[in-house]
Amino acid sequence: MIMERLTADEQLTLKTGAFGAVFLVSNAVPGVLAMVRESIAASGALADVGGVVKEALTTGPLPQLPRDSALEIESVVLPALGRAVGILRAKSPGDVEAYRSVVLAAADQVAQAHRGVEPAEAAAIEKIRAALAEPA
């Protein structure tokens, strides 16, 4: 199967979705120390992926994510996740599931990293899961 390379913009979209999802979950429950521990947990999930997804998530600049409010973060991250799935479906369909699973695994690891999953974190993960779902 021929796979097209992703453009820098497309890679940034995948990265914005993935890193943003982690940020969204870690931001659901405040705590600076927890965020450091959680970002380390998330990097473990990202290390488990290969191919186009790994390349997109490990090269190029880090995404600029809003830091003001959860709603603002969601307004950037959730659409990016949906666009990322669309990009992969068009250019590298075999990687759609890998992207989905690494983002959800990272989000889940972040939630678990600090005293288990709290309701706000579970709600953030559900929004992420919905954003990654196949379009109807």
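Reference entry: report on the structure contained in this document. Just so it is clear, the structure is predicted and the values come from calculations on it, not from any experiment.

## What to know about the overall build of the chain
Move 1: Each helix and strand counted, the chain has six helices and zero strands in total.
Move 2: Put simply, the chain runs from its N terminus to its C terminus through helices and strands in the order α-α-α-α-α-α.
Move 3: Counting all 136 residues of the chain, 44% fall into the buried class.
Move 4: Counting only contacts in the chain whose residues sit at least 6 apart along the sequence, the fraction spanning at least 24 positions is 83%.
Move 5: Accessible surface for the chain amounts to roughly 7,000 Å². Of this, 61% is attributable to carbon and sulfur atoms.

## Side note on the nonpolar core
Move 1: In this structure, Leu81, Tyr99, Val103 and Ile128 are the most contacted members of the largest nonpolar core, which totals 39 residues.
Move 2: Looking at this core, the elements that each hand over two or more residues are helix 1 (8–28), helix 2 (32–47), helix 3 (51–58), helix 4 (70–91), helix 5 (96–113) and helix 6 (119–132).
Move 3: Ranked by residue count, the leading element in this core is helix 5, at nine residues.
Move 4: Every residue in contact with Ile128, bar those within four places of it in the chain, is listed here: Ala21, Leu24, Val25, Leu78, Leu81, Val103, Leu104 and Ala107.

## Regarding the pattern of salt bridges
Where side chains of opposite charge bring their charged atoms close, a pairing between them can arise.
Move 1: Considering all chains together, one arrives at five salt bridges under this definition.
Move 2: Between Glu97 and Arg100 there is a salt bridge whose closest N-O contact spans 3.0 Å. Taken as a pair, Glu97 and Arg100 lie in helix 5 at a separation of three residues, close to a single helical turn.
Move 3: In this structure Glu97 comes out as partly exposed when scored by relative accessible area, which is 47%.

## Notes on helix 3
Move 1: Buried within helix 3 are the following residues: Val52, Val53, Ala56 and Leu57. When helix 3 is viewed along its axis, its buried side chains cluster within an angular range of 125° and face the same direction. Of the exposed residues in helix 3, the ones pointing more than 90 degrees away from its buried face are Gly51 and Thr58.
Move 2: Once helix 3 finishes, Gly60 follows within two positions and takes phi at roughly 80°, a positive value.

## Here's the deal with the environment of Leu57
Move 1: Along the polypeptide, Leu57 turns up in helix 3.
Move 2: For Leu57, a relative accessible area of 5% gives the class buried.
Move 3: Each C-alpha atom of the pair Leu57 and Thr13 lies 9.6 Å from the other, and the pair is 44 residues apart in sequence.
Move 4: Filtering out sequence-adjacent residues up to four positions away, Leu57 remains in contact with Leu14, Lys15, Ala18, Phe19, Leu46, Tyr99 and Val102.

Conventions used here
- Every chain is numbered independently, its residues counted from 1 as its sequence is written.
- Residues qualify for local features only when their pLDDT is at least 70, as the model is predicted, and side-chain atom pairs are given and counted only at 80 or more; totals for whole chains, interfaces and linings, by contrast, use all residues.
- Calculation of side-chain values draws on the structure's entire complement of heavy atoms; hydrogens and water are dropped beforehand.
- The helix and strand labels rest on DSSP assignments: H or I over at least four residues marks a helix, E over at least two residues marks a strand, and numbering proceeds from the N terminus.
- With a 1.4 Å probe rolled over the protein chains alone, any residue whose accessible area is under 20% of its type maximum counts as buried; one over 50% counts as exposed, and the rest are partly exposed.
- We call two residues contacting when some pair of their heavy atoms lies within 4.5 Å.
- Surface accessibility follows the Shrake-Rupley procedure with a 1.4 Å probe radius. Residue values consider only the protein chains on display as shielding.
- For the purposes of this section, nonpolar cores are sets of buried Ala, Val, Leu, Ile, Met, Phe, Trp, Tyr and Cys residues that join through side-chain atoms within 4.5 Å.
- By convention in these notes, a salt bridge is any Lys or Arg side-chain nitrogen within 4 Å of a carboxyl oxygen on Asp or Glu.
- The arc in question is formed by the directions pointing from the helix axis toward the C-beta atoms.

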